[in-house]
Amino acid sequence: MILKTRSGRSGGASRTIAGALLGSTILAGGSAAAHAQEAPEAVDSNIIIVTAQRRTQDLQVVPLSIQVLGNEQLEDLQIGDFQDYARFLPSVSTQEFGGPSYSLVYMRGVASGGDGNHSGPLPSVGTYLDEQPITTNQGNLNVHLYDIARVEALAGPQGTLYGASSQAGTLRIITNRPDPGQFEAGVDGELNWVDHGDPGGALEGFINVPIGDSMAVRAVGWYVRDGGYIDNIRGIRTFPTSGETDDNQALVEDDFNDVETFGGRVALGIDLDENWTITPAVMAQEQTSTGSFGFNPRVGDLNVQRYRDDFQEDRWYQAALTIEGSIGDFDLVYAGAYINRDIEGLSDYSDYAYFYDALASYGYYFVGPCDNPNPFDPSCPRVNPSQYFESSDRFSLLSQELRVTSPQDSRIRAVAGLFYQRQFHDIEQRYKVDGIATAIEVPGRPDTIWLTKQDRVDRDRAVFGELAFDVVENLTLTGGLRYYRFNNTLIGFFGYGAGFSGSTGESQCFGPPTTDNAPCTNLADVDASGNIVPKRSRDDGIIHRLNLTWQATPDHMAYATWSRGFRPGGINRRGFIPPYGADFLTNYELGFKTEWFDGRLRWNTAFFHQEWSNFQFAILGPNGLTEIRNAAQARVQGLETDVVWRPVDGLTISGAMSLIEAELTENYCGFLDEDNNPVTECEDPLAPTGTRLPVTPRFKGNMIVRYEFPLSPSLEGHAQVAGVYQSSIRPGLELEETRLLGIQDGYGTVDIAAGAESEDGWRFEAYVTNLLDERGSGYVFAQCASAICATDNPDTPGLVYTVPNQPRTFGLRVGRRF
């Protein structure tokens, strides 16, 4: 996409370029002459400004595949959150499996499925807010996008400049900074209506106030309500063992999956002198969602049967400090941030309870209060074995980075730095059955049949450096190394109370509690002195990046890159399963970036071949516990390309696409040898060589046509059509999982918009998203054992759920800039 001149969903300058799409591009090298274009105030409005290389550059001279959504594109395409902008990034695929707070992001097909569990692998894609990482092990923060300068998607291993969670790529959200040069303010209001659903709307505003000549404060606030569109319909279900019945009559509700989001951001910019700037900033957001975001096609379009309340509350804040300055000829940047995030949730778990009962007479063992709780004692009353679970995830994330950059107009240029990150995750999940006897509860937890109470800590340290050398004026060689060291731990309790199970949970404890309000400890190690210590996974290593860039002409550039990324290993909470190791992604990439006809046509393309070794794969083992293994090897290859064409003034036609082939190059057998290496030779592999990797479509693309035209001397109009399409995807890696859930069909959507902007700052727009009301499948899942899910028993509907894209939505927006 083209980055335009108006402040991101905010500024006061008029449009100078019609809306475009995305720009796949380049990073790091660039000749010294190209690096002269650094000040965004001085660049032509056709130039796309990015900071992917940790310095301000024209996108077309950066030798890396980058996709950019500029500030006006975010607004023109009705983009307000992560799911919105991911649609328009061809190299990005997502899974949203638990509402808006649990979104997983993947890039270039590097996905094995099964991620997102609290004890599972770290993400393979890092997300940054300005200079600071905001990735947690259960997904990135769903930052509402308002007053945003741009979103940058850096595809492929980032090697030197980004760390552990940037194995397959990096997403960067860049906010508008305080500007001491001018007063700015704006307000936007929106009303919308979801077809088959409820109304929604938004109220957003910002203000930028100079304080003298060297200071400014920028404040932003928003409130958004997303109307629901899933109906919870009447359902009655009888448990086969106990004969108890679930009836959800009291919970029947139309459009019950609504979302409310409010938050704000305040940043203070202080120019200490000509060389030094300090920017402290605070951002906070609260997002509350209710209901289920998946529906059951067997009971009707956008219908579901839930037997317990579902809700989720995601609260977080970030405090950040950026210090930028110069010491002699060298630029120095310090970026530090602290994030605190709390997610509270309540979820229906009755499907699992029903199918466990059908498979293993599970409901037989749940009895109410009696003298000697025993399922064989007829005096002990039966209780409804329907389950639900309460969850509490509390995160804290501290990150710090210090880097130094040499003069960018020299023939030899360097960047070097230090990085530190520590993430703490307090995990609590309470699986409950109402009315059970105290003797079969987890001690101290009323009605709790299973408790997970663990502390997880992920630490990452790194030293990095990169050197660029202009071999000749238009040929640049860049090489970089990153030394990393990770140290990840897990400790605590999981399982049943001793009165319910003699093989899992409290009965397997070997020490007093090490986490708050746990009955004891059964997940830990014991050191040589007999002390209980966390289970630990640690390692270190070096990853690299090597790039050669040829600037053939000022408008034509080609590059070749060899880079490597990694993802840290971690702990399996089931004691007899060994820790899983780091996995690695090696990337070979060729690309070009070109402009033609005085900049009216821009065409960028990247070809890539990636080898993914010992990749981490999460599965559900006994008792629904996640187990992670280093599974096998995979190969991912494909291309990304985009075109922006402005044939006449006011008309912009843009398109972007990715073609990706991602498949196993070895069998996945599902078990390890005696040296903890994956076994790849077996009679019936769970996924044989050649199996397509899940989540990512082979094709994903989009096209936008936008026309801007004068309506009067003081009023400019616009009309836009945007289309997005992706091909089918596999829901999981294993053949059995795909057989159960089915292939997710490809789908496409069309959005339209028309509006006007006045010379005095008024703006009006009407839009329709998903014009044809296409029902796409973003994620599918089942809440039962496959042996039951695979049956066609008409008495057990609710087997496979689909999380759809949002239905057709009509909207009207009005705003004013001052």
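Predicted model only: the values in this text are computed from it and were never measured.

**Details of the overall build of the protein chain**
Broken down by element type, the protein chain carries five helices and 43 strands. The globule rule puts the C-alpha radius of gyration for 818 residues at 28 Å, and the 27 Å found for the protein chain is close to it. Dimensions along the principal axes, computed over C-alpha positions, put the protein chain at roughly 85 × 60 × 55 Å. By element, 56% of the accessible surface of the protein chain is carried by carbon and sulfur atoms, the whole surface being about 29,900 Å². One way to put it: in the protein chain the 62 positive side-chain charges average out to a point 2 Å from where the 107 negative ones average out.

**Quick notes on the pairing of strand β35 (residues 634-645)**
Where strand β32 (residues 601-613) lies against β35, twelve bridges are found, and the strand directions are antiparallel. Within β35, the position partnered with F607 by the bridge is L639. Examined bridge by bridge, β35 and strand β36 (residues 651-664) share twelve bridges and lie antiparallel to one another. When the sheet's bridge partners are listed, D642 is paired in β36 with A656. Hairpin connection from β35 to β36: five residues lie between these consecutive antiparallel strands, with G650 at a positive phi of about 95°.

**Notes on the sheet that holds strand β3 (residues 66-70)**
The mixed open sheet is built from five strands, whose spatial order is β3-β10-β11-β6-β7. Two strands bound the open sheet, and with one partner strand each, they are β3 and β7 (132-133). In terms of strand pairing, strand β6 (residues 125-129) meets strand β11 (residues 169-175) through five bridges, oriented parallel. Bridge assignment links T127 to a residue of β11, and that residue is L171.

**Looking at the environment of R413**
As for its position among the elements, R413 is in strand β24 (residues 412-432). With a relative accessible area of 2%, R413 lands in the buried category. Among the polar contacts listed, one links the side chain of R413 to the backbone oxygen of S410, at a separation of 2.8 Å. Polar contacts involving the side chain of R413 include one to the side chain of D470, which spans 3.0 Å.

**A short note on unusual backbone geometry**
If a residue is not glycine, its phi is most likely negative; likewise, a peptide bond is most likely trans. Despite not being glycine, D447 shows a phi value in the positive range, around 65°. Mapped onto the secondary structure, D447 falls in the loop between β24 and β25 (448-472). Here the phi dihedral of N770 falls at roughly 50°; this positive angle occurs in a residue that is not glycine. Mapped onto the elements of the fold, N770 is located in the loop between β40 (762-769) and β41 (777-782).

**What about the side chain of S124?**
Within the secondary structure, S124 sits in the loop between β5 (103-107) and β6. Ignoring any residue separated from it by four or fewer positions in sequence, one finds S124 in contact with Y106, V110, S165, S166, Q167, A168, G169 and R567.

**Considering helix α3 (residues 350-360)**
Residues three or four positions apart in an α-helix share a direction because the helix packs 3.6 residues into each turn. Residues S350, D351, Y352, A353, Y354, F355 and D357 constitute the buried set of α3. Immediately beyond the C-terminal end of α3, within one or two residues, lies S361, with a positive phi of roughly 55°.

**Description of the state of the cysteines**
With the rule as written, the count across this model stands at three disulfides. Disulfide pairing places C370 opposite C380 at an S-S distance of 2.2 Å. Of note, the bridge from C370 to C380 carries an S-S torsion of about 80° and is right-handed in sense. Of this pair, C370 sits in the loop between α3 and β23 (388-405) while C380 is found in the loop between α3 and β23, placing the two residues ten residues apart along the sequence. Disulfide pairing is shown between C669 and C682; the S-S distance is 2.0 Å. Here the S-S torsion is close to -90°, and the disulfide linking C669 with C682 is therefore left-handed. Within this pair, whereas C669 is found in the loop between β36 and β37 (699-712), its partner C682 is found in the loop between β36 and β37, the two being separated by 13 residues in sequence. Judged by its relative accessible area of 23%, C682 falls in the partly exposed class.

**A word on the confidence of the model for the protein chain**
For the protein chain, the mean per-residue pLDDT works out to 87, and 90% of the residues sit at or above 70. Mean pLDDT values for the elements of the protein chain range from 56 in helix α5 (residues 786-789) up to 98 in strand β14 (residues 215-226). Note that pLDDT drops below 50 for residues 1-45; the model gives that stretch 211 contacts with residues more than four away or on any other chain. Contacts for the low-pLDDT stretch residues 790-798, under 50 throughout, to residues beyond four places or in other chains number 16 contacts.

Criteria and cut-off values
- Throughout, residues of each chain are indexed from 1 in the direction in which the sequence is written.
- Residue-level local features of this predicted model are given only where pLDDT is at least 70; pairs of side-chain atoms are given and counted only at 80 or more, and the full residue set underlies all totals for whole chains, interfaces and linings.
- Hydrogens and water are ignored here; the side-chain numbers use all heavy atoms of the structure.
- Counting from the N terminus, the helices are DSSP H or I runs at least four residues long and the strands are E runs at least two residues long.
- Throughout, radius of gyration means the C-alpha value; the globule benchmark is 2.2 Å times the number of residues raised to the power 0.38.
- Calculation of accessible area relied on Shrake-Rupley with a 1.4 Å probe; when residues are assessed, cover is drawn exclusively from the protein chains displayed.
- Positive charges come from Lys and Arg, negative ones from Asp and Glu, while His and the chain ends are left out of the count.
- We put the charge of a Lys on NZ, of an Arg on CZ, of an Asp on CG and of a Glu on CD.
- For two strands to pair, DSSP has to find at least two bridges joining them.
- Exposed residues in this analysis have more than 50% of their type's maximum accessible area, buried residues have under 20%, and partly exposed residues fall in between, with area computed by a 1.4 Å probe over protein chains only.
- Within 3.5 Å is the distance limit for a polar contact, defined as a pair of N or O atoms, with the added protein rule that one can donate a hydrogen and the other accept it, and that residues adjacent in sequence qualify only through two side-chain atoms.
- Note on contacts: a residue pair qualifies if any of its non-hydrogen atoms lie within 4.5 Å across the two residues.
- To count as a disulfide, a pair of cysteine sulfur atoms needs to be within 2.5 Å.
- Within a predicted model, pLDDT stands for the predictor's per-residue confidence, ranging from 0 to 100.

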